[in-house]
Amino acid sequence: MSADTAAAVHRFRVTRDEEDPRVWLAEWVEDDRVHTFARSLAELEDLAGDALALWLHTDADDVQVELDVELPKTLSRELTQLRRQRDELEAHQASVLDRQRSLAVRLVEAEGMTYRDAARLLGISHQRVAQLVKQSA
């Protein structure tokens, strides 16, 4: 086997069993003769890697597997929206924390307030104000 084959990420198409929706089915995109099934996605990923390693005559550690889970369109759209909202929330949280840090430093250092007074205005603990001021130093 070439080094390119081992380094490549091998995609598996994943669906749910029509007869038992608790079972996930995986099929290698490049050759549908390589397939497996499991009750969880984590187990499926391991088993798909094992199946592919057997097919390619290599160690399972040398095989990288990516699961391409096929879901109904509405569910897939909702999951995509959720991921986007989560990313937006994380970005917003980071922005709020930066602003909080900046104001804590300004209140304590530029305005000469105590940690407790700055904390009261910011709605956080005086210990957190001390951390924020220390971080910015």
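Residues numbered from 1 in each chain as written. Predicted model: local features only at pLDDT ≥ 70, side-chain atom pairs only at ≥ 80, totals over all residues. Heavy atoms only, no water.

> Describe the pattern of salt bridges, and please don't skip the residues or the numbers.
Going through the model one piece at a time under the given rule, you end up with seven salt bridges. For Arg 22, the salt bridge is made with Asp 20, and the minimal N-O distance between the two is 3.0 Å. A residue is classified by how much of its surface remains accessible, and Arg 22, at 56% relative accessible area, is exposed. Asp 20 sits in the buried class, given a relative accessible area of 18%. Salt bridges here are not isolated pairs; linked through shared partners, they connect Arg 13, Glu 27 and Glu 70. (Salt bridge = Lys/Arg side-chain N within 4 Å of Asp/Glu carboxyl O. Buried < 20%, exposed > 50% of the residue type's maximum accessible area, 1.4 Å probe, protein only.)

> Kindly report on the nonpolar core, identifying the contributing residues and their values.
Ranked by internal contacts, the top residues of the largest apolar core, which has 15 residues, are Phe 12, Trp 28, Val 34, Leu 44 and Leu 52. Elements that contribute at least two residues to this core include exactly β1 (9-16), β2 (24-28) and α2 (41-56). It is α2 that contributes the most residues to this core, six residues altogether. When near neighbours in sequence (up to four residues on either side) are disregarded, Leu 44 contacts Val 14, Trp 24, Leu 25, Ala 26, Thr 36, Phe 37, Ala 38 and Leu 67. Core analysis: the second largest hydrophobic core is formed by nine residues, Val 105, Val 108, Ala 119 and Val 129 among them. (Core = buried A, V, L, I, M, F, W, Y, C linked by side-chain atoms within 4.5 Å. Helix = DSSP H or I, 4+ residues; strand = E, 2+ residues; numbered from the N terminus. Contact = heavy atoms within 4.5 Å.)

> Go over the packing of aromatic side chains with me, naming the residues and quoting the values.
Across all of its chains, the model carries zero aromatic pairs by this definition. A cation over an aromatic ring shows up here: Arg 16 above the ring of Trp 24, its NZ or CZ 5.8 Å from the ring centre. (Phe/Tyr/Trp six-rings, centres within 6.5 Å; stacked < 30°, edge-to-face > 60°. Lys NZ or Arg CZ within 6 Å of the ring centre and 35° of its normal.)

> So what about unusual backbone geometry? Which residues, and what values?
Even without a glycine there, the phi angle at His 57 is positive, about 55 degrees. Judged by relative accessible area, which is 73%, His 57 ranks as exposed.

> Outline a negative patch on the surface, listing residues and values.
A contiguous patch of negative charge on the surface is contributed by Glu 43, Glu 45, Asp 46 and Asp 50. By secondary structure assignment, the location of Glu 43 is in helix α2. (Patch = residues over 30% accessible without salt bridge, like charges linked within 9 Å, V, L, I, M, F, W, Y side chains within 5 Å. Areas by Shrake-Rupley, 256 points an atom, 1.4 Å probe, with all protein chains shown as cover. Lys, Arg positive; Asp, Glu negative; His and termini not counted. Charge placed at Lys NZ, Arg CZ, Asp CG, Glu CD.)

> Provide a residue-level description of the sheet that holds β1, including the pertinent values.
As summarised here, the arrangement of the four strands in space is β3-β2-β1-β4, forming an open sheet in which the pairing is mixed. Taken across any chain shown, the strands that pair with only one partner, and hence form the sheet edges, are β3 (35-38) and β4 (64-69). Between one strand and the next, the sheet's axes are offset by a mean angle of 30 degrees, whatever the strand orientation. Examined bridge by bridge, β1 and β2 share five bridges and lie antiparallel to one another. Paired with Arg 13 across the bridge in β2 is Glu 27. (Pairing = 2+ DSSP bridges. Axes fitted to C-alpha atoms, helices over the stretch in contact; angles between N-to-C directions.)

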